[in-house]
Amino acid sequence: MKSAPESLCNDGWCLNRKIVDERAMLAFGKSVARALVPRLVITLSGDLGVGKTTLARGVLQGLGFGGLVKSPTYAMLEPYQLDLGAVYHFDLYRMSDPEELEFLGYRDCLRDAYLCLVEWPERSDGYLNKIDLEFSISSEGASRIVTVRAHTHAGKIINEHLQNP
């Protein structure tokens, strides 16, 4: 099934999209991948089980990764080496202190990453000071509402691509 039409809010800085099922979430992630540029930080927020890792899986598949994409909840970091560069998938759900990001090598990841995906960014207590796109996912019955907020000009351009594929 396809995702429902999106609505654009706030001149390209915010995009809302209704996602009707898991397949549509994967497809949306792939469309996000087609719009990406190097060196981005994308955060994924929402309740447990709302689809953050599914969205990340769609992005990684859209970037050409063919392997298993799992939630990095226990490891807190899953690195992926792709032809276009490194993608780092962080899951901060189990993080007890934002300084743990330093021990995980977050700054080093930023230096050489094509993309950093960060689930549960609210656990970082402000440690993430450069966020290009913020994806917030909420439930609406069996569907999901994904709100994408751009925090940089690069993020705004990606939102505009998502509106006009």
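For the structure itself, consult the block above.
Residues numbered from 1 in each chain as written. Predicted model: local features only at pLDDT ≥ 70, side-chain atom pairs only at ≥ 80, totals over all residues. Heavy atoms only, no water.

### Topic: the overall build of the protein chain
Inference 1: Assigned secondary structure in the protein chain consists of 5 helices and 8 strands.
Inference 2: Along the protein chain, from the amino end to the carboxyl end, the secondary structure elements read β-β-α-β-α-β-β-α-α-β-β-β-α.
Inference 3: Over its C-alpha atoms the protein chain spans a radius of gyration of 15 Å, differing by no more than 12% from the 15 Å that the globule rule assigns to 165 residues.
Inference 4: Seen along its three principal axes, the alpha-carbon backbone of the protein chain occupies a region of about 40 × 30 × 30 Å.
Inference 5: Counting the 165 residues in the protein chain, one finds 52% classified as buried.
Inference 6: When contacts within the protein chain are restricted to residue pairs at least 6 apart in sequence, long-range pairs at least 24 apart make up 62% of them.
Inference 7: With an accessible surface of roughly 8,200 Å², the protein chain has 50% of that area assigned to carbon and sulfur atoms.
Inference 8: The positive charge centre, built from 18 side chains, and the negative charge centre, built from 21, are 6 Å apart in the protein chain. (Helix = DSSP H or I, 4+ residues; strand = E, 2+ residues; numbered from the N terminus. Rg over C-alpha atoms; globule rule 2.2 N^0.38 Å. Buried < 20%, exposed > 50% of the residue type's maximum accessible area, 1.4 Å probe, protein only. Contact = heavy atoms within 4.5 Å. Areas by Shrake-Rupley, 256 points an atom, 1.4 Å probe, with all protein chains shown as cover. Lys, Arg positive; Asp, Glu negative; His and termini not counted. Charge placed at Lys NZ, Arg CZ, Asp CG, Glu CD.)

### Some thoughts on the pairing of strand E5 (residues 85-91)
Inference 1: With 7 of its 7 residues buried, E5 lies for the most part within the structure.
Inference 2: Note: strand E4 (residues 77-82) against E5, 6 bridges, orientation antiparallel. Paired with Tyr80 across the two strands is Val87, which belongs to E5.
Inference 3: Between E4 and the antiparallel strand that follows it, E5, lie 2 residues.
Inference 4: Bridge count for E5 against strand E6 (residues 113-119) is 6 bridges, and the pairing is parallel. (Pairing = 2+ DSSP bridges.)

### Quick notes on the packing of aromatic side chains
Inference 1: Tallied over the full model, the rule gives 4 aromatic pairs.
Inference 2: Taking the centre distance of 5.2 Å and the plane angle of 70° together, the rings of Phe90 and Tyr106 count as edge-to-face. In this pair, Phe90 is assigned in strand E5 and Tyr106 in helix H4 (residues 106-112), connecting sequence segments 16 residues apart.
Inference 3: Judged by relative accessible area, which is 3%, Tyr106 ranks as buried.
Inference 4: Here the aromatic rings of Tyr93 and Trp120 are separated by 4.8 Å at their centres, their planes lie at 55°, and the arrangement is tilted. Here Tyr93, found in the loop between E5 and helix H3 (100-104), pairs with Trp120, found in the loop between E6 and strand E7 (133-140); they are 27 residues apart in sequence, far enough to count as distant.
Inference 5: Taking the relative accessible area as the measure of exposure, Tyr93 reaches 29% and is therefore partly exposed. (Phe/Tyr/Trp six-rings, centres within 6.5 Å; stacked < 30°, edge-to-face > 60°.)

### A short note on the nonpolar core
Inference 1: Ranked by size, the top nonpolar core spans 34 residues in total, and within it Phe28, Leu36, Leu63, Leu115 and Phe135 carry the most contacts.
Inference 2: The biggest single contributor to this core is helix H1 (residues 22-35), with 6 residues.
Inference 3: Not counting chain neighbours up to four residues away, the residues in contact with Phe135 comprise Phe28, Val32, Ile42, Thr43, Leu44, Ser45, Leu55, Val146, Thr147 and Val148.
Inference 4: Grouped together as the second largest cluster of nonpolar side chains are 17 residues, Phe90, Met95, Cys109 and Ala113 included. (Core = buried A, V, L, I, M, F, W, Y, C linked by side-chain atoms within 4.5 Å.)

### Considerations on the pattern of salt bridges
Inference 1: Under the counting rule described, the total for this entry stands at 5 salt bridges.
Inference 2: Residues Lys130 and Asp132 are paired through a salt bridge, measuring 2.5 Å at the closest nitrogen-oxygen approach.
Inference 3: Looking at Asp132, the relative accessible area reads 3%, which means it is buried.
Inference 4: With a shortest N-O distance of 3.4 Å, Glu160 and Lys156 are connected by a salt bridge. With a gap of 4 residues between them, Glu160 and Lys156 both fall in helix H5 (residues 153-163), about one helical turn apart.
Inference 5: Of the residues examined, Lys156 reaches a relative accessible area of 17% and is grouped as buried. (Salt bridge = Lys/Arg side-chain N within 4 Å of Asp/Glu carboxyl O.)

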